[in-house]
Amino acid sequence: MKSLTLLAPLLLCVTLLFSSLNVASDSAAEALAILKWKASLQSQNHSVLLSWNTSNDPYTKTSPCAWFGIHCNHADSVTKINLTGYGVKGTLHSFPFSSLPNLAELDLSINELYGIIPHNISQLSKLTYLDLSYNQFSGQIPPEISHLLHLQTLHLAGNQLNGSIPQELGQLKFLTDLALCSNKLNGCIPASLGKLSRLLSLILFDNSLSGPIPPELGNLRNLVEVYLDTNHLTGPIPSTFGNLKKLTVLQMFNNSLSGPIPSELGNMESLSEISLYHNNLSGLIPTSFGDLRHLTVAHLYENQLSGPIPEEIGNLNSLVDLELCENQLNGSIPASLGSLSNLEILFLRDNRLSGSIPNEIGNLMKLIVLELDHNNLTGNLPQGICRGGSLEYFTAADNQLTGPIPQGLKNCTSLKRVYLERNRLRGNISEDLGVYPNLRFIELSDNELYGEVSSNWGLCRSLQSLSIARNNLSGTIPAEIGNSRQIHRLDLSSNHLVGEIPKKISKLTSLLYLF
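Residues numbered from 1 in each chain as written. Predicted model: local features only at pLDDT ≥ 70, side-chain atom pairs only at ≥ 80, totals over all residues. Heavy atoms only, no water.

Undergrad: Explain the side chain of Asp229 to me, using residue names and the numbers behind them.
TA: Here Asp229 shows up in the loop between strand E14 (225-227) and strand E15 (232-235). Here Asp229 is buried and forms no salt bridge, its nearest opposite-charge partner Lys184 lying at an N-O distance of 18 Å. Asp229 has contacts with Phe205, Asp206, Gln251, Met252, Phe253 and Asn255, leaving out every residue within four places of it along the chain. (Helix = DSSP H or I, 4+ residues; strand = E, 2+ residues; numbered from the N terminus. Buried < 20%, exposed > 50% of the residue type's maximum accessible area, 1.4 Å probe, protein only. Lys, Arg positive; Asp, Glu negative; His and termini not counted. Salt bridge = Lys/Arg side-chain N within 4 Å of Asp/Glu carboxyl O. Contact = heavy atoms within 4.5 Å.)

As structure tokens, this is what we get:
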């Protein structure tokens, strides 16, 4: 018994020694496997890889744990490789997938890697994070990635991958982030993605995906971001998207989606951005949109939407950017839009809107862009249209507007672009317009304006285009216009002007068109 007691510490020491030797052996094997991959790279002498080498001291074990971009656990086994953005060039053909049993994170994004993604990537059984984005990988996404059962992040964006999205990806039950954007992927979006119950971010934009959007995506109740834009998707927007209560961003523009916008989208209570433009959507804008209280951006333009703009849009106090242009909307502009106190951009042009522009538009103190062109609007321009002093772009051409240019525009020094041509505006142009230090383009042609051409145009030093043709202007052309040296287009034609063209016009060295 006494001898056994004496042997116990000795046996423990021997066990620890062999364990230490085994760890050292495993670490050295990982190092050699990584060096084999380095040897296959065209950038093996890259400065960031210079630390990847064997020790010259025979008594020192070779370990990769001190190498650039490599991290290890307490047992000196590689758990993370991060070489993002260092210009590494080559393939993954010799990458040591089978020799890195504890690798959990692999980030090789923003490099010059090319070739296919090898099928044996599935041997990295403990991988939770895989980012191969913004390289030059080609070929198909290997279905074997679905064997990486612990994977939480899969980023393959910005490559040249083709073929379809493997339906096997639906087996990655721990996946939270899936980014396959900016590739050449085609075929349908697999319905199996609807099984990824932990998914927070689905990014598939800028591919050649076709077919309908699977209603099963509405099962992903943890989704925060969805980017399906710039593909060839067809069919309706699934009403099941109304289940996505945590969704903040929904981008589905630049597709061929059709049918109505589901009223259920009004249930997406966390939504802050929705972009459905450049599709074939028809029908009404749902009144339920008035329930999207966190909405800041709504882009519904370039569709075939009809009917009136819902009064309920005026409930969206967080709205900054509302773009409804290039549809078939009719009826009047709701006065409730004047309640959108944070609105900076309002695009309503190219519709069939009628009636007057509500005076409440003057309550939009932060408004920067207001586009109302190509409608059937009547009545006067609102007096307070630039009350906040922020308006830079105001266009209301091709309507039936009457009355004078409002005093609010005379004092609106923030203006950069004004298009009011082809209306029936009246008034003395020399009295109704002021000095605009930032103005670049102004188009007032084809109205009923009268008076003389103001010398104030010479004080608009940023002016590039001035067009007041086909009005009832009289008097002479003021010489001061020659002070606006950036003008390249000056159109005063078809008026009742008299006298000579001022010699100072010759100083307009940028002038290309003079009418």
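Undergrad: Could you give an account of the state of the cysteines, naming the residues involved and the relevant values?
TA: Covalent bonding between the sulfur atoms of two cysteines is what defines a disulfide. Under the criterion given, the structure shown has 2 disulfides. For Cys65, the disulfide goes to Cys72, at an S-S distance of 2.2 Å. On the sign convention where negative means left-handed, the S-S torsion of about -100° between Cys65 and Cys72 marks this disulfide as left-handed. Assessed through its relative accessible area of 24%, Cys65 is described here as partly exposed. On the basis of relative accessible area, Cys72 is assigned to the partly exposed category, the value being 24%. With a sulfur-sulfur separation of 2.0 Å, Cys386 is cross-linked through a disulfide to Cys412. Torsion about the S-S bond of the Cys386 and Cys412 cystine: about 65°, corresponding to right-handed handedness. (Disulfide = S-S within 2.5 Å.)

Undergrad: So what's going on with the pairing of strand E35 (residues 472-475)? Residues and values would help.
TA: As a general feature of sheets, a regular strand has side chains that alternate between the two faces. Residue alternation in E35 divides its side chains into a buried set, Leu473 and Gly475, and an unburied set, Asn472 and Ser474. Alignment of strand E33 (residues 448-452) against E35, held across 3 bridges, turns out to be parallel. Bridge assignment links Glu452 to a residue of E35, and that residue is Ser474. Sheet analysis places E35 next to strand E37 (residues 496-497), joined by 2 bridges and oriented parallel. Bridge pairing in E37 places Ser474 opposite His496. (Pairing = 2+ DSSP bridges.)

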